[in-house]
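# Coordinates in review
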Amino acid sequence: MLNTPTPELLNQLKQIVGPSGVVDQPQDIAPYLVDHRKLYRGATSLVLRPESTEQVSQILKLCHAHHIGVVPVGGNTSYCGGATPSSAGNEIVVSLSRLKRIRHIDPDNYTLTVEAGCVLAEVQQAAEAADRLFPLSLGSEGSCQIGGNLSTNAGGTAVLRYGMARDLVLGLEVVLPDGRVLDDLNALRKNNTGYDLRDLFIGAEGTLGIITAATLKLYPLPRTRVTALVAVDDPAAAVALLSFLRSSGSDALSTFELMPRIAIELVCRHIAGINDPFDDTHPWYVLIEASTAQLTDHLTEELSEVLVRSQQNQLVREVLLAQSSSQREFFWRIRETIPEAQTRAGGSIKHDVSVSISDLPKFIEEGTALCKGIAPEGVMVIYGHLGDGSLHFNINTPDAGAHPEFFAKKTALNNAVHELAMRYRGSISAEHGIGQLKRDELVEFKNPVAMQLMHTIKQALDPHGIMNPGKVLAGD
Ligand code: MLT
Ligand code: ZN
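Numbering of residues starts from 1 in every chain and runs along the sequence as written. Naming scheme: in the order in which they are written, chains are lettered from A and ligands are numbered from 1. Under the rules for a predicted model, residues below a pLDDT of 70 receive no local features and side-chain atom pairs below 80 are neither given nor counted, while totals for whole chains, interfaces and linings still include all residues. As a rule here, side-chain values cover all heavy atoms of the structure and leave hydrogens and water aside.

### Some points on the site of ligand 1
Applied cut-off: By convention in this text, a residue qualifies as near a molecule or strand provided that one of its non-hydrogen atoms is within 4 Å of it. Here a polar contact is taken to be a pair of N or O atoms separated by no more than 3.5 Å, where protein atoms must pair a possible hydrogen donor with a possible acceptor and residues adjacent in sequence count only if both atoms sit in side chains. With residues, only the protein chains shown are counted as cover, and all accessible areas are computed by Shrake-Rupley using a 1.4 Å probe. Note that Gly is not counted as nonpolar here; it falls among the polar residues with everything else outside the nonpolar set of Ala, Val, Leu, Ile, Met, Phe, Trp, Tyr, Cys and Pro and the charged set of Asp, Glu, Lys and Arg.
Around ligand 1, the neighbouring residues are Tyr 79, Arg 335, Pro 339, Lys 350, Tyr 383, His 385, His 392, Glu 431 and His 432. At 3.1 Å, a side-chain N or O of Tyr 383 approaches an oxygen atom of ligand 1. Measuring from an oxygen atom of ligand 1, one finds a side-chain N or O atom of His 385 at 3.1 Å. Within the complex, 83% of the 260 Å² of free accessible area of ligand 1 lies under protein. Looking at the shell around ligand 1 residue by residue, the classes come out as three nonpolar, three polar and three charged.

### As for the sheet that holds strand S5 (residues 102–106)
The criterion, for reference: Paired strands, as defined in this entry, are two strands with at least two bridges between them according to DSSP. Numbering of helices and strands starts at the N terminus; helices are DSSP runs of H or I of at least 4 residues and strands are runs of E of at least 2. Only the stretch in contact is used when fitting a helix axis, every axis being a line fitted to C-alpha atoms; angles between N-to-C directions are given from 0 to 180 degrees. We call two residues in contact whenever any of their non-hydrogen atoms come within 4.5 Å of each other.
Spatially, five strands are ordered S5-S6-S10-S8-S9 in an open sheet, and the strand pairing comes out antiparallel. Edge positions in the sheet fall to S5 and strand S9 (181–184), since each has one partner strand and no second. For this sheet the average axis-to-axis angle between neighbouring strands, irrespective of direction, equals 10 degrees. Against the sheet, helix H3 (residues 53–66) makes contact with S5, strand S8 (169–175), S9 and strand S10 (210–217), and its axis sits at roughly 50 degrees relative to S8, the strand it touches most. Running over the sheet, helix H4 (residues 120–129) touches S5, strand S6 (111–115) and S10 and is turned about 145 degrees from S6.

### Quick notes on the coordination of the zinc ion (ligand 2)
To keep things clear, this is the line we draw: The donor definition counts N, O and S atoms within 2.8 Å of each metal and applies 3.2 Å to Na, K and Ca; water is not among these atoms, so some sites may look incomplete. Categorising residues by exposure relies on relative accessible area from a 1.4 Å probe, with only protein chains included: less than 20% of the type maximum marks a residue as buried, more than 50% marks it as exposed, and the intermediate range marks it as partly exposed.
The zinc ion (ligand 2) binds to the protein through His 385 (NE2), His 392 (NE2) and Glu 431 (OE); the donor distances cover 1.8 to 2.2 Å. On the primary sequence, the residues serving as donors to the zinc ion (ligand 2) are separated as H-x6-H-x38-E. Taken together, the residues His 392 in strand S19 (residues 390–396) and Glu 431 in the loop between helix H15 (410–423) and helix H16 (439–445) connect sequence positions 39 residues apart. As far as the burial class goes, His 392 and Glu 431 line up, both buried.

### Considerations on the packing of aromatic side chains
Under the convention used in this document: Paired rings are identified among Phe, Tyr and Trp, the last through its six-membered ring, by centres lying within 6.5 Å, and are further divided according to the angle between planes into stacked (under 30 degrees), edge-to-face (over 60) and tilted (the rest).
Across all of its chains, the model carries six aromatic pairs by this definition. With a centroid separation of 4.9 Å and 65 degrees between ring planes, the pair formed by Tyr 162 and Tyr 219 is classed as edge-to-face. Taken together, the residues span a long stretch of sequence, with Tyr 162 in helix H6 (residues 159–162) and Tyr 219 in strand S11 (residues 219–220) at a distance of 57 residues. Between Phe 406 and Phe 407, the ring centres sit 5.2 Å apart and the planes meet at 80 degrees, which makes this aromatic pair edge-to-face. Ring pairs connect the aromatic residues Phe 363, Phe 393 and Tyr 424, which therefore count as one cluster.

Purely geometric stuff here, so don't read any function into it on its own.
Shown next, in the form of structure tokens:
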């Protein structure tokens, strides 16, 4: 059972961070009370902005002793309300934004040690300044923070080549719920010394402690990038194209993103400066990127040759190869502005599912039929990371009106899409996490033994349940 902090306790907490780390005026607290998608509205009387791991440790020690709920927040870009406090108002919020030092870069070891509050784009820039690549890349990289990326095991558009956030971490520094600091900031590729504690905290969404720093894996900085936008008849052709590209020796492939015609129409309509780059209209499109550390023309030649062959055997209808960096940016803008265009077009019911890549075409067909059966007025906007088997399976309102009758079907649509994902042994959250949005559904859709193990771990590390209460798991 969690308590409400007394005025004395609030004062003690404020003293830990000093006046520059205290946010306690309603107008300053307000941005922390609403999530990125404006699905949740919470309450709190105090936001703390510690500037060191030691201060985080003292905060958690005190909250643990007094059974006070703590909600960690990074860039507040969660899609699942993962960083919004409950409306009860008895939790305190801990923002990591002042922990933003680049602690160490080791170009020869290909590692970078950063604090949790570094913005993802700053991490990428620090790597680039040392002629290295930190490959995690997301639409919100200008504002999301690396601590949040790791806590939610973020995905993005380069997972095909480099993996999820989890795959990009070697070591972590974590403050445990009772204030102890787990200093596991190792920079080792090989370390077989028992349970992998690091992977417990990645993807835990702040429910097991607060990640304060991480040692990240770096890669050679690409000097040649080849980007293509291609048109295909259907998702099955896109899957076949991906297989063909891979078997033709395209180890350099880093991005393979599927987009439907409606997404092109939405970005052309709602995003300034975007127009359809193709001569004809096509039902589906794929953004493809390959890269290498070599400065070479070979990659362009290889990719265009494979795409020409794909066109000859009817797998691909039209091919546009980016001829300049501005054309590359334009192709990327089309893909990256889909979520914004979708929001401008109206409301949407979103799903973030994954299945095996080979099952995606059937999943899209069956899922579309199910959703259309429930909400014939809905507009299917299905796009995403085909190369990872991960799709944003969204259903939009027909226009920007309120459409309460459409939103009344939300649970039915969620169930239909998620049950279908389960039939394919898929996931109801490929990359956006659970937060509070999918907490109750998780119980329905995750293996019961796995749920028991998660509760066992939570109980062992956070016996009072102070860490990010009500996220991922319901209270015991
Ligand atoms: C994306 O892939 O664009 C995001 O993960 C989904 C979104 O912003 O809706
Ligand atoms: Zn995505």
